Amino acid sequence: PGARRFPYSLSGGGLRSRRCRWARPPAASEHESELRALMVMASHDLKNPLATITAHIEMLRADYADTLGEAFGRDLAAIERGLHRLTTLTQDLLTYAKADHTLSLATVSLSGMVDDVIADHAVTASTPPEITVTGTLPDVPADAALLRHVLDNLVGNAVKYTRPGTAARIEISARVRTNGSVLVEVADRGIGIPAADRSQVFDSFRRCANSTGYPGTGLGLAICKRIIERHGGRIGVDENPGGGSRFWFTVPTGPAGSGKPDIVTAIH
Ligand code: ADP
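These numbers were taken from a predicted model, which means no experiment stands behind them.

Visitor: Would you explain the site of the ligand in this entry?
Guide: Neighbouring residues of the ligand: 22 residues in total, closest Tyr161, Arg207, Ser211, Thr217 and Leu221. Between the ligand and Asn157, the relevant distance is 2.9 Å, taken from an oxygen atom to a side-chain nitrogen or oxygen of the residue. The contact in question runs from a nitrogen atom of the ligand to an N or O atom on the side chain of Asp188, over 2.9 Å. Considering the ligand on its own, with 530 Å² of exposed area, one finds that the protein chains cover 98% of that surface. Elements supplying a minimum of two residues to the shell around the ligand: α4 (144–160), α5 (220–230) and β7 (245–252). In terms of residues, the shell around the ligand owes the most to one element, α4, which gives four residues. For the shell around the ligand, the per-class residue count stands at nine nonpolar, nine polar and four charged.

See below:
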């Protein structure tokens, strides 16, 4: 997955054919890994100039916003919004490509990680969310940075896709299943996902029609899916009976990557 959905078309046999026109197109996996390497390099190299531009815009705002008036402030705000989108997209592309690298496994405290994510969102959300946590959050063998990215994204979306001006109400719960994997759920009371879209929200660059007006790149859940599947788990979404969405994922509590993929047919 990935190469066919890559939004920029590479004609003919792709990157390799430009260097060596008579070469046969590379096998799909080689082609995909070349594209991913390109994504890592491109997004990594974009980070520094973006950080420089951001720093200079901040300086312009601090030095001139008061003296140059309203129109200048509006223009600056438009540049900042565009820059923010570009920075988010660059970070998302980098994480997306990095999710394919070797996992850096350690014993991770899910409970500590959930506490950290909640604390971060309590500080950054414009209206602090109301988050409750229930169930058993055990230690799991996982790549801490990547697993944290998943939790961060699911909680971030639950906050973001809540109607403006209202505090997000989020329930995080977890339980160890009989096959030894842990099932984590993040349920919200937000705008919800239409039933027809639910199977597609994990595809890259896919955004639902009802989320127009909410900022986003459509990459976050595709990254989460790749990360969870790399850990041998599964991820999905269904309707929250209380209104809103209920995202869930599983991760094995045994050695990561050693077992068969966790098959979830029915979880509720
Ligand atoms: P982004 O949020 O950057 O657009 P994601 O990949 O995280 O990208 O999500 C894909 C789409 O799924 C979103 O654009 C939105 O339409 C929908 N979505 C994700 N999470 C939620 C949620 N908690 N509530 C409602 N819709 C959601």
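Read on, since the account is not over.
Visitor: What exactly am I supposed to notice about a nonpolar patch on the surface here?
Guide: The grouping of Leu60, Tyr64 and Leu68 at the surface amounts to a nonpolar patch, some 270 Å² of accessible area in total. As for its placement among the helices and strands, Tyr64 is situated in helix α2 (residues 28–98).

Visitor: What's the story with the environment of Ile79 in this structure? I'm lost.
Guide: In this fold, Ile79 is placed in helix α2. Note: C-alpha distance between Ile79 and Ile57 (22 residues apart in sequence) is 8.3 Å.

Visitor: Explain the packing of aromatic side chains here, please?
Guide: To describe a pair of aromatic rings, you give the distance between the ring centres and the angle between the ring planes. Taken as a whole and assessed by the stated rule, the structure comprises two aromatic pairs. Between the aromatic rings of Tyr161 and Tyr214, the centroid separation amounts to 5.4 Å while the plane-to-plane angle is 50 degrees, which identifies the pairing as tilted. With a gap of 53 residues between them, Tyr161 in the loop between α4 and β4 (169–176) and Tyr214 in the loop between β5 (181–188) and α5 connect regions that are remote in the sequence. For Tyr161, a relative accessible area of 18% gives the class buried. Consider the rings of Phe202 and Phe247, whose centres lie 6.1 Å apart with planes at 75 degrees: the pair is edge-to-face. Here Phe247 lies in strand β7 and Phe202 lies in the loop between β5 and α5, a separation of 45 residues in the sequence. Phe247 shares its class with Phe202; the two are buried.

Visitor: Teacher, can you tell me more about the confidence of the model for the protein chain here?
Guide: In regions of low pLDDT, the predicted coordinates are not meant to be interpreted in detail. With 84% of its residues at a pLDDT of 70 or more, the protein chain shows a mean pLDDT of 81. Put simply, helix α1 (residues 15–19) is where the protein chain has its lowest mean pLDDT, 34, and β7 is where it has its highest, 97. In the model, residues 1–26 has pLDDT below 50 throughout and makes 33 contacts with residues more than four positions away in sequence or in other chains. Note on the complex model: pTM 0.76, ipTM 0.99.

Visitor: I keep staring at the pattern of salt bridges and nothing clicks. Help me out?
Guide: Close approach of charged atoms allows side chains of opposite charge to pair. With the rule as written, the count across this model stands at eight salt bridges. Ionic pairing is found between Glu70 and Arg74, a salt bridge with its closest N-O pair at 3.4 Å. Here the residue Glu70 and the residue Arg74 both occupy positions in helix α2, the gap between them amounting to four residues, near one helical turn. As far as the burial class goes, Glu70 and Arg74 line up, both exposed. In this structure, Asp120 and Arg148 form a salt bridge, with 2.4 Å as the shortest nitrogen-oxygen distance. With a gap of 28 residues between them, Asp120 in helix α3 (residues 110–124) and Arg148 in helix α4 connect regions that are remote in the sequence.

Scoring rules and cut-offs
- Residues numbered from 1 in each chain as written.
- Predicted model: local features only at pLDDT ≥ 70, side-chain atom pairs only at ≥ 80, totals over all residues.
- Heavy atoms only, no water.
- Near = heavy atom within 4 Å.
- Polar contact = N/O pair within 3.5 Å; in protein donor to acceptor, adjacent residues only side chain to side chain.
- Areas by Shrake-Rupley, 256 points an atom, 1.4 Å probe, with all protein chains shown as cover.
- Helix = DSSP H or I, 4+ residues; strand = E, 2+ residues; numbered from the N terminus.
- Nonpolar A, V, L, I, M, F, W, Y, C, P; charged D, E, K, R; others polar.
- Patch = residues over 30% accessible without salt bridge, like charges linked within 9 Å, V, L, I, M, F, W, Y side chains within 5 Å.
- Salt bridge = Lys/Arg side-chain N within 4 Å of Asp/Glu carboxyl O.
- Phe/Tyr/Trp six-rings, centres within 6.5 Å; stacked < 30°, edge-to-face > 60°.
- Buried < 20%, exposed > 50% of the residue type's maximum accessible area, 1.4 Å probe, protein only.
- pLDDT = per-residue confidence, 0-100.
- Contact = heavy atoms within 4.5 Å.

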